[in-house]
Amino acid sequence: MDVDEEGRAGAGVTTGALARKLGISPTTLRSWDRRYGLGPAARVEGHHRRWTVEDVAMVQEMCRLTAQGLPPAEAARAAKTRAAEFRTAAPRPAATSPGPLPEPPTPSPSPDPPSADVPPLTDWRRRCRGLARAAVRMDAEAVHEQITAAIESYGLVTAWEEVLTPTLRSVGRKWESSEDRYVEVEHLLSWQVSAALRSAYARGVALNRTGDGRPVLLACLPSEQHTLPLEALTAALAERGQRVLMLGGSVPVESLEATVRRTAPAAVALWSQSRGTADLPLCRHLMSLRWGIHGARTRSHVLLCGPGWGRHWDPGLLRPRGLGEAVRILLSASRLGDDGPLTVEGYAPQSA
């Protein structure tokens, strides 16, 4: 019997049916009832608890507020207040009344972005908590909304560095420390982040006509499958009208060299997540490739992106310290148009 059928019976919704409707576990509902008093308003001794339309609205509000990063206790107080207002405005029908279970009220829109006097760090942490909780609940719609809201509020680069990356790391640590219990949560979050980044890339291409300059090439090294950082870089460059060739994960050496020779990119950004995939000899080789007419031959700048490169590399190789810096370096390389020294505001090459 689903939620609507139970509503037509006039007895309310069971805990199991409500949990399925909201995409959370029955244990979570019972925990919220025990800790915060978010339980059915009416209880019948010796019978399963039944949740009325007002109770459903209250728990939906709890889910919405916690997904925004509000602490559970504070979210519970706000949800109970809203439920009390709903009961006053719309009295509950008699138990014997026929008809389907009414839909809960539409949640109020998300609060406005914090004012300038609110420390950004506080808001970023709140959004990280909300995004992680939505992912653990396997609430795909809430995850999508949280990611989209972060990008719209802060811009893609800041959202990636301050919200998406910390949340991905947090979920990854939870998975590693729980014997693979949360691998589905990490997969859901990664897929939603990837979808949002590709959507941002498509908007950037549609809104910003790319110039005729040399493109930049982005690729993961052979055996490297972590593409999300390069997807973020691709979207950020497209927003700025930069031509980008994104090859994705685990690109063979021969394909990398062939693409560099065919497209003559202004710069090549190579991602390595771990030391096992880092390949400095390959980077030196790509940096040494030259093309063009005699007397005006040129080459590509090479960027080492990701934590796999460690602390030692050749002085001629560039090592950005984050997405924002990688964007500035690549844009500068594209404008430069040759293999002269890069001068990027705010970038200080790290010593090898």
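The structure contained in this document is the topic of the report that follows. In this convention, every chain numbers its residues from 1, walking through the sequence in written order. Given that the model is predicted, a residue must reach a pLDDT of at least 70 before its local features are reported, and side-chain atom pairs must reach 80 or more before they are shown or counted; all residues, however, enter totals for whole chains, interfaces and linings. Side-chain measures here rest on the full set of heavy atoms in the structure, leaving out hydrogens and waters.

In this text, buried Ala, Val, Leu, Ile, Met, Phe, Trp, Tyr and Cys residues form a nonpolar core when linked through side-chain atoms within 4.5 Å. Remark: exposure states derive from per-residue accessible area (1.4 Å probe, protein chains only) relative to the maximum for the residue type, with buried under 20%, exposed over 50%, and partly exposed in between. Among the nonpolar cores identified, the biggest contains 49 residues, and Trp160, Leu233, Leu237 and Leu330 are the most heavily contacted of them. Per element, the largest residue contribution to this core is eight residues, and it comes from helix α8 (residues 156–176). When residues no more than four places from it in sequence are discounted, the contact partners of Leu237 are Val216, Leu218, Gln242, Val244, Val327, Leu330 and Leu331. In terms of nonpolar packing, the next biggest core, distinct from the first, is built from 21 residues, Leu29, Val56, Ala76 and Ala79 among them. Think of it this way: any DSSP run of H or I at least four residues long counts as a helix, any run of E at least two long counts as a strand, and we number them from the N terminus. The contact rule is simple, with two residues in contact once any of their heavy atoms fall within 4.5 Å.

Moving on: helix α11 (residues 253–263). Of all the positions in α11, only Leu256, Thr259 and Val260 are classed as buried. One face of α11 carries all of its buried residues, which in axial projection span an arc of 100°. Turned more than 90 degrees off the buried face of α11, the exposed positions are Glu254 and Arg262. Buried residues along α11 sit against β3 (216–220), β5 (267–271) and α12 (280–288). Looking one or two places after α11, you find Ala264, whose phi comes out positive at around 50°. Directions pointing from the helix axis toward each C-beta atom define the arc.

Structurally, the position occupied by Ala135 is in helix α6 (residues 120–136). Since its relative accessible area comes to 0%, Ala135 is described here as buried. Put simply, Ala135 and Glu184 are 49 residues apart on the chain and 9.2 Å apart in space, counted from C-alpha to C-alpha. Dropping the residues within four chain positions of it, Ala135 is found in contact with Val143, Val185, Leu188 and Leu189.

The next point concerns the packing of helix α7 (residues 140–154) against helix α9 (residues 183–207). All axes are obtained by fitting lines to C-alpha atoms, using only the stretch in contact for helices, and the reported angles, taken between N-to-C directions, cover 0 to 180 degrees. In the contact formed by α7 and α9, the axes pass within 10 Å of each other and the chain directions differ by 45°. Viewed along their axes, α7 and α9 adopt a mutual orientation that is oblique. Our pair here, α7 against α9, has a crossing hand that is right-handed. Residue-level contacts link Ala140, Val143, His144, Ile147 and Ile151 of α7 to Leu188, Leu189, Gln192, Val193 and Ala196 of α9. Ten residues, namely Ala, Val, Leu, Ile, Met, Phe, Trp, Tyr, Cys and Pro, are considered nonpolar, four, namely Asp, Glu, Lys and Arg, are considered charged, and the remaining ones, Gly among them, are considered polar. Across the contact of α7 with α9, the residue classes tally to eight nonpolar, two polar and no charged. Oblique is the label for any angle not under 35 degrees, not over 145, and not in the 65 to 115 range, which are roughly parallel, roughly antiparallel and roughly perpendicular in turn. Definitions for this section: a left-handed crossing has its near helix turned counterclockwise from the far helix by less than a right angle. A right-handed crossing has that turn clockwise.

Now for the pairing of β5. Burial of β5 is extensive: five of the five residues sit out of reach of the surface. Pairing between strands requires that DSSP locate at least two bridges from one strand to the other. As judged from the five bridges shared by β3 and β5, these two strands associate in the parallel manner. Across the sheet, residue Val216 finds its bridge partner in β5, namely Ala267. Two elements, β5 and strand β6 (residues 301–305), share five bridges in a ladder whose sense is parallel. Looking across to β6, one finds that Ala269 is bridged to Leu303.

A separate point is the pairing of β3. In terms of burial, β3 is largely enclosed, as five of its five residues are buried. Every second residue of β3 is oriented toward a common face, with Val216, Leu218 and Cys220 on one face and Leu217 and Ala219 on the other, all of them buried. In the sheet, β3 pairs with strand β4 (residues 244–246) via three bridges, with the strands oriented parallel. Looking at the pairing, Val216 lines up with Val244 of β4.

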